[in-house]
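Report on the structure
Spelled out from the first residue to the last, the chains are:
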Amino acid sequence: MKRAALYVLAGPGGIVAYGLVRLWGRSDGVYGPGLDWQAAHLVALAGMVCFVPGVLALSRLLPQSPWRTGVVAVTLVGLAATIVQFGADIVEGLLAEDRAEMSRLGADFKDIPGVEVAFYDVVPQLFFLGLLVLAGMLAARRLLPWWSVPLLLVGIVLPALTLDLLPIGGLFMALALAPTLPLLRQQGERVEAPVTVH
């Protein structure tokens, strides 16, 4: 349970790393396929995977309820779609010999009925929506400060404007969720505390 705090930071950290590696890869005017493309997408994929235990840990700070269950389910569905998206990008980068072929492979994947909606345009957005609602629920119970919700929203919106803002967006997300870290550590200590038999 003590690792929950690490996961909560590692998720946004993956977004920051993805943005930085992507900017480095684009600095020479040639981005993908190749080492820069794979490195960027691998760290992004790792960040998304870390969000899974991070979201579950954040949800456990709230009392059990149908609302909490629903929000977590929506968030994890969005996360699963995002993970598939990054996985597809990695596979396409491995199979393609140049940028044009990679784009063609990506277009072929998106041409499969339902793929674009499920893994690109709609379902992945449920992750960000769910995370924002979860933060709002935590703020309503004073487990997060009021400013965490708008800061998280800004962190989500910035990369939507341009992917060059991914590092700043990930940093804002980390700062927004950071106030939960002491609570997560306390929760972990309570769970791991030895039971005394009298």
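Since the structure is predicted, the reported quantities are computational estimates derived from the model, not experimental observations.

A separate point is the packing of helix α6 (residues 125-140) against helix α7 (residues 148-161). Where α6 contacts α7, the two axes come as close as 9 Å, and the packing angle between them is 170 degrees. In terms of their interaxial angle, α6 and α7 are classed as roughly antiparallel. Residues F128, L131, L132, A135, G136 and A139 of α6 form the contact with α7, whose participating residues are V149, L152, L153 and I156.

Turning our eyes to something else, we now look at the packing of helix α3 (residues 66-95) against helix α4 (residues 99-110). Running from amino to carboxyl end, α3 crosses α4 at an angle of 140 degrees, the nearest separation of the two axes being 9 Å. The orientation of α3 with respect to α4, classified from their angle, is oblique. Note on packing geometry: the crossing formed by α3 with α4 is right-handed. Of the residues in α4, those touching α3 at A88, E92, G93 and L95 are E101, M102, L105, G106 and F109. Its residues assigned to classes, the contact of α3 with α4 shows five nonpolar, two polar and two charged.

Quick look at the confidence of the model for the protein now. The predicted model of the protein averages 92 in pLDDT, with 93% of residues at 70 or higher. Within the model, the stretch residues 193-198 combines pLDDT values under 50 with zero contacts to residues more than four positions away or in other chains.

So, on to the packing of aromatic side chains. Taken as a whole and assessed by the stated rule, the structure comprises six aromatic pairs. For the pair F109 and Y120, a centre-to-centre distance of 6.3 Å together with 70 degrees between the ring planes defines the contact as edge-to-face. Remark: Y120 occurs in helix α5 (residues 115-121) and F109 occurs in helix α4; sequence separation between them is 11 residues. Measuring from ring centre to ring centre gives 4.7 Å for F127 and F128, while their planes differ by 50 degrees; the resulting arrangement is tilted. Residue class for F128 comes out partly exposed when judged on its relative accessible area of 22%. Every member of this aromatic cluster is reached through a ring pair, and the members are F51, F127 and F128. The side chain of K110 reaches across the aromatic face of Y120, ending 4.6 Å from its centre.

Turning our attention to unusual backbone geometry. For the peptide bond that leads from G32 to P33, omega is -10 degrees, which places it in the cis range. Here P33 lies in the loop between α1 (4-26) and α2 (35-59). One non-glycine residue, R142, lies in the positive phi region at around 60 degrees. By the secondary structure assignment, R142 is in the loop between α6 and α7.

Parameters at a glance
- Residues numbered from 1 in each chain as written.
- Predicted model: local features only at pLDDT ≥ 70, side-chain atom pairs only at ≥ 80, totals over all residues.
- Heavy atoms only, no water.
- Axes fitted to C-alpha atoms, helices over the stretch in contact; angles between N-to-C directions.
- Helix = DSSP H or I, 4+ residues; strand = E, 2+ residues; numbered from the N terminus.
- Parallel < 35°, antiparallel > 145°, perpendicular 65-115°, else oblique.
- Contact = heavy atoms within 4.5 Å.
- Left-handed = near helix turned anticlockwise from the far one by under 90°.
- Nonpolar A, V, L, I, M, F, W, Y, C, P; charged D, E, K, R; others polar.
- pLDDT = per-residue confidence, 0-100.
- Phe/Tyr/Trp six-rings, centres within 6.5 Å; stacked < 30°, edge-to-face > 60°.
- Buried < 20%, exposed > 50% of the residue type's maximum accessible area, 1.4 Å probe, protein only.
- Lys NZ or Arg CZ within 6 Å of the ring centre and 35° of its normal.

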